[in-house]
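Take a look at the letters that make up each chain.
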Amino acid sequence: MRTVRRSALIDRPIPEPSALPRRAPLPAHHPEPVLDVVVPVYNEENDLEPCVRRLHAHLGETFPYAFRITIADNASTDATPRIAARLAAELPGTDWIRLAEKGRGRALHTAWSRSRAPVLAYLDVDLSTDLAALLPLVAPLISGHSDIAIGTRLARGSQVVRGPKREIISRCYNGLLRSTLAVRFSDAQCGFKAVRQDVAERLLPLVEDREWFFDTELLVIAERAGLRIHEVPVDWVDDPDSRVHILSTALADLRGMARLGRALAGGRLPLTALRRSHGDLDGELPAGLARQAVRFAAVGAASTLCYLLLYTLLRPATGAQAANGLALLASAIANTAANRRLTFGVRGRDGALRHQLKGLAAFMVGLALTSGSLAVLHHLAPGAGHRVELVTLIAANLAATLLRFLLFRAWVFPARRTTGSVSP
């Protein structure tokens, strides 16, 4: 079976799909397999059989619904296809497909696209992740609580055995995702994920990558669309015989981040149409929004008074523009620190520098608004007095404050939508 790579995703907008229906639990008696677990493989003649037999036995003993295991062969050149065919013949509920091209993302895209099981999952053939986490992974999808579930090795409840090299690379990768694409999920690379079939049906046409960046791209699009991602801490033991080529994979991931960032910035992905219709929070404010808005407003009022006082003191010595910039910078640093603790409940020094740097980025937006308002005022009314300047700055600061609150909530101090884990 050969899959065709779509080439124009970044060049033109994607047609808007209809909104997803409200999540609902699966019926207790489902006539077809509820779970389809895909095992993507390439030249895994040694690990394939013990993996599938162990997985099949585990599901038979612990999973309360009918299930299917799908072996997705990525154009293997060893005995993998013969072993896959034999396992499919011997083990009930086991299937296999063969692709003519390599690529883990291509294997998952193909297997998930053709499956009708309401819950789709995958795991790596090396079984680095303890299978005891499989039922907690898929339970929130079966119950209708979440749209996607991922295993995370970076939560406090996880127990991970791996070398420092892989540990550093993983943390750097996920840190880069948080800083560039502002993601909230903690571990994009763990080979242990599940998705509801109705969600996969909408997301898969939007995911361009067919290799290792596939997981990350799917998660970023899902999160930006407001879909609920559930995280499960896992026990994970590194496979010393990993086939991943770190340098080429890292370069491909960086290219994928840049491409996806451009698509998101250009509005070429139909995120709004992917949101749930009649969702769980229809007609309600997001959790904590009202309380955060009140506290942010109080901190903002104090910051504005501080800013106006500093501006008034500095203006005679430095001029209007310099006084505005210095006063806004000082009040922005204090504002970020106060909101960090009082509005968003972040304590301790961990991440403080990152939060301040992001807060300064939001400050630059405020500086552009206020400085621009002063420039426009002086252009239109060169003789405007000090009181007119203050009124103009107050109006500009109100607009900057609203924008800063949105940036703080969504980017600087994002609240996790994920459940079942704690941040690393």
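A few points on the structure. Keep in mind the model is a prediction, meaning the values are calculated, not measured.

1. Here's the deal with the pairing of strand E2 (residues 67-74)
- For E2, a buried count of seven out of eight residues is recorded, marking the element as mostly surrounded by other parts of the structure.
- Alignment of strand E1 (residues 35-41) against E2, held across seven bridges, turns out to be parallel. Looking across to E2, one finds that valine 39 is bridged to isoleucine 71.
- The parallel pair E1 and E2 is bridged by helix H1 (residues 48-62), and the resulting crossover is right-handed.
- Here six bridges tie E2 to strand E3 (residues 94-99), and the two strands are oriented parallel to one another. Residue pairing for E3: threonine 70 is matched across the bridge by aspartate 95.
- Once you follow E2 into helix H2 (residues 80-90) and on to E3, the crossover reads as right-handed.

2. Structural notes on the side chain of histidine 58
- When you line up the elements, histidine 58 lands in helix H1.
- Judged by relative accessible area, which is 19%, histidine 58 ranks as buried.
- Contact partners of histidine 58, with chain neighbours within four places excluded, come to Phe63, Leu131 and Ala132.

3. Notes on the pattern of salt bridges
- Going through the model one piece at a time under the given rule, you end up with 18 salt bridges.
- Where arginine 162 meets glutamate 167, a salt bridge forms, and the shortest distance between an N and an O atom there is 2.7 Å.
- Linking glutamate 167 and arginine 171 is a salt bridge whose minimum nitrogen-to-oxygen distance equals 2.7 Å. In this pair, glutamate 167 and arginine 171 are both assigned in helix H5 (residues 164-180), four residues apart and thus about one turn of the helix distant.
- Residue classification places arginine 171 among the partly exposed residues on the basis of a relative accessible area of 40%.
- Here the salt bridges share partners, and the residues they tie into one network are Glu49, Arg53, Arg86 and Glu90.

4. Observations regarding a nonpolar patch on the surface
- Taken together, Leu176, Leu247, Leu251 and Leu254 make up a surface patch of nonpolar side chains, about 360 Å² in accessible area.
- Considering every element that reaches the nonpolar patch, the biggest residue donor is helix H8 (residues 246-265), with three residues.
- Within the element layout of this structure, leucine 247 appears in helix H8.

5. Quick notes on the nonpolar core
- Grouped together as the largest cluster of nonpolar side chains are 44 residues, with contacts concentrated most on Trp112, Ile148, Phe185, Leu203 and Ile221.
- A total of six residues in this core trace back to one element, the largest contributor, which is helix H7 (residues 214-224).
- Leu26, Val37, Val52 and Phe63 belong to the second largest nonpolar core, which has 39 residues in total.

6. Regarding the packing of H1 against H2
- Direction vectors running N to C along H1 and H2 enclose 25°, while the axes themselves pass 10 Å from each other. The angle between H1 and H2 falls in the class roughly parallel. Handedness of the crossing formed by H1 with H2: right-handed. Between H1 and H2, the residues in contact are Leu48, Glu49, Val52 and Arg53 and Thr80, Ile83, Ala84, Arg86, Leu87 and Glu90, respectively.
- Grouping the constituent residues of the contact of H1 with H2 by class yields five nonpolar, one polar and four charged.

7. Looking at the sheet that holds strand E5 (residues 148-152)
- Read from one edge of the open sheet, seven strands run E3-E2-E1-E4-E7-E5-E8, paired in mixed fashion. The two strands at the open ends of the sheet, each matched to only one other strand, are E3 and strand E8 (229-233). For this sheet the average axis-to-axis angle between neighbouring strands, irrespective of direction, equals 20°.
- Strand direction decides the pairing type here: strand E4 (residues 119-123) and strand E7 (residues 192-196), joined by five bridges, are antiparallel.

8. Digging into the side chain of arginine 153
- By the secondary structure assignment, arginine 153 is in the loop between E5 and strand E6 (159-161).
- Among the polar contacts listed, one links the side chain of arginine 153 to the side chain of aspartate 187, at a separation of 2.8 Å.
- Residues contacting arginine 153, with those up to four places away along its chain left out, are Ser158, Val160, Arg162, Ser170, Asp187, Gln189, Cys190, Val234 and Trp236.

9. Side note on the packing of helix H11 (residues 320-343) against helix H12 (residues 352-380)
- Contact pair H11 / H12: the axes reach a minimum separation of 9 Å and the direction vectors enclose 145°. Seen along the crossing, H11 lies across H12 with a hand that is right-handed.
- Here the contact of H11 with H12 is composed, by residue class, of 12 nonpolar, 11 polar and one charged.

10. What to know about the pairing of E5
- Within E5, five of the five residues are buried, which leaves the element mostly enclosed by the surrounding structure.
- Neither face of E5 is open: one carries Ile148, Ile150 and Thr152, the other Ala149 and Gly151, and all of them are buried.
- As judged from the three bridges shared by E5 and E7, these two strands associate in the antiparallel manner. Across the sheet, the residue bridging to alanine 149 is alanine 194, located in E7.

Cut-off values and rules
- Note on numbering: residues in each chain are counted from 1, in written sequence order.
- Local features in this predicted model are restricted to residues of pLDDT 70 or higher, and side-chain atom pairs are both shown and tallied only at a pLDDT of 80 or more, whereas totals for entire chains, interfaces and linings draw on every residue.
- As a rule here, side-chain values come from all non-hydrogen atoms in the structure, and water together with hydrogens is ignored.
- To sort residues, take the accessible area from a 1.4 Å probe on protein chains only and compare it with the maximum for the residue type: under 20% means buried, over 50% means exposed, and anything in between is partly exposed.
- Helix and strand assignments follow DSSP, with helices taken as H or I runs no shorter than four residues and strands as E runs no shorter than two, numbered in order from the N terminus.
- DSSP calls a pair of strands paired once it identifies at least 2 bridges connecting them.
- Orient the strands so they point away from the viewer, and a crossover whose first-strand-to-second-strand path over the helix runs clockwise is right-handed.
- Residue contacts are counted whenever heavy atoms from the two residues lie within 4.5 Å of one another.
- Every case where a carboxyl oxygen of Asp or Glu lies within 4 Å of a side-chain nitrogen of Lys or Arg is listed as a salt bridge.
- Each patch is built from salt-bridge-free residues with over 30% relative accessible area, joining like charges within 9 Å and nonpolar side chains (Val, Leu, Ile, Met, Phe, Trp, Tyr) within 5 Å.
- For the area figures, the Shrake-Rupley method with a 1.4 Å probe applies, and any residue is considered shielded solely by the protein chains shown.
- Nonpolar core, defined: a set of buried Ala, Val, Leu, Ile, Met, Phe, Trp, Tyr and Cys residues in which side-chain atoms within 4.5 Å join the residues together.
- Think of each axis as a best-fit line through the C-alpha atoms, taken over the contacting stretch in the case of a helix, with angles from 0 to 180 degrees between the N-to-C directions.
- Roughly parallel means an angle under 35 degrees; roughly antiparallel, over 145; roughly perpendicular, 65 to 115; everything else is oblique.
- Two helices that cross are described as forming a left-handed crossing if the nearer one is turned anticlockwise from the farther one by less than a right angle, and a right-handed crossing if clockwise.
- Any residue outside Ala, Val, Leu, Ile, Met, Phe, Trp, Tyr, Cys, Pro, Asp, Glu, Lys and Arg is labelled polar, Gly included; the first ten of those are nonpolar and the last four are charged.
- In protein, a polar contact requires one atom able to donate a hydrogen and another able to accept it; more generally it is a pair of N or O atoms within 3.5 Å, and residues adjacent in sequence count only if both atoms are side-chain atoms.

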